[in-house]
Amino acid sequence: MSLFWFVVGQLASTETMSTSKKVITREEWEKKLNDVKIRKEDMNKLVMNFLVTEGYVEAAEKFRMESGTEPDIDLATITDRMAVKKAVQSGNVEDAIEKVNDLNPEILDTNPQLFFHLQQQRLIELIRNGKVEEALEFAQEELAPRGEENQSFLEELERTVALLAFEDVSNCPVGDLLDISQRLKTASEVNAAILTSQSHEKDPKLPSLLKMLIWAQNQLDEKAAYPRINDLSTAALEDPSI
């Protein structure tokens, strides 16, 4: 992320400037950018970190062979982790819980919030499938006791049970719980917990660096006009607007 560090450097060098913006031409910008050296090994590690964290096991294996970059965890564990994530995303929460326990039973034993959210997702799936009586029984037996011990759990339970009060969930104020995004949110939480149990970062480093780049550019915008990256997918420099 050479551009990020270059932007930070430019930001520091313009701290004492007056209110008028400094104009940096494309030629000047590219010359200074080329002076920033980043090791290819470090870039490869960033790519491998992203592939491992996000669960792209085949791509990670291919990248390992092509670049010689070794992952910091056994790639075989990615397949198991992705099976859990896929189960949650498909609404098969019971299967996901079994798979998590097969991987490491301490994950759920030591993370009551994660276990509650998985049970909450089970309740949501029962409601989604129209199993009203089973949903009420499950909520009373499995979730209510946890809600009595934790106020935030109780509020989430009440919000979930409110789905049963509406025949048309499109008009339900908590209808978002039935969106696929809710499954993805729960799956992401499980994924992060498994990674943490494996002593691996729960979030990939690359997106964080891109956020830092955006922040640095926004800060520099107040002080200078320069070739800016507006499309992160292409990283194309756009001429400064004067």
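Everything numeric here is computed off the predicted structure, so don't read it as measured data.

What counts as what
Residues numbered from 1 in each chain as written. Predicted model: local features only at pLDDT ≥ 70, side-chain atom pairs only at ≥ 80, totals over all residues. Heavy atoms only, no water. Helix = DSSP H or I, 4+ residues; strand = E, 2+ residues; numbered from the N terminus. Contact = heavy atoms within 4.5 Å. Salt bridge = Lys/Arg side-chain N within 4 Å of Asp/Glu carboxyl O. Buried < 20%, exposed > 50% of the residue type's maximum accessible area, 1.4 Å probe, protein only. Phe/Tyr/Trp six-rings, centres within 6.5 Å; stacked < 30°, edge-to-face > 60°.

A. Just the environment of Gly-175, in detail. Inspection of the secondary structure puts Gly-175 in the loop between helix H10 (151-161) and helix H11 (180-197). Distance in space between the C-alpha atoms of Gly-175 and Glu-141 is 23 Å, their sequence separation being 34 residues. Excluding residues that lie within four positions of it along the chain, Gly-175 makes contacts with Leu-163 and Val-169.

B. Structural detail: the pattern of salt bridges. Across all of its chains, the model carries twelve salt bridges by this definition. Here Arg-128 and Glu-125 are joined by a salt bridge, their closest N and O atoms 2.9 Å apart. Highlighted residues: Arg-128 and Glu-125, both in helix H8 (residues 112-128), separated by three residues, approximately one helical turn. For Arg-128, a relative accessible area of 28% gives the class partly exposed. Residues Arg-183 and Glu-125 are paired through a salt bridge, measuring 2.9 Å at the closest nitrogen-oxygen approach.

C. Highlighting the packing of aromatic side chains. Enumeration according to the criterion identifies three aromatic pairs in this entry. Judged by centre distance (4.3 Å) and plane angle (5°), the ring pair of Phe-116 and Phe-153 falls under stacked. Taken together, the positions of Phe-116 in helix H8 and Phe-153 in helix H10 put the pair 37 residues apart, joining distant regions of the chain. By the burial criterion, Phe-116 is buried, and Phe-153 matches it.

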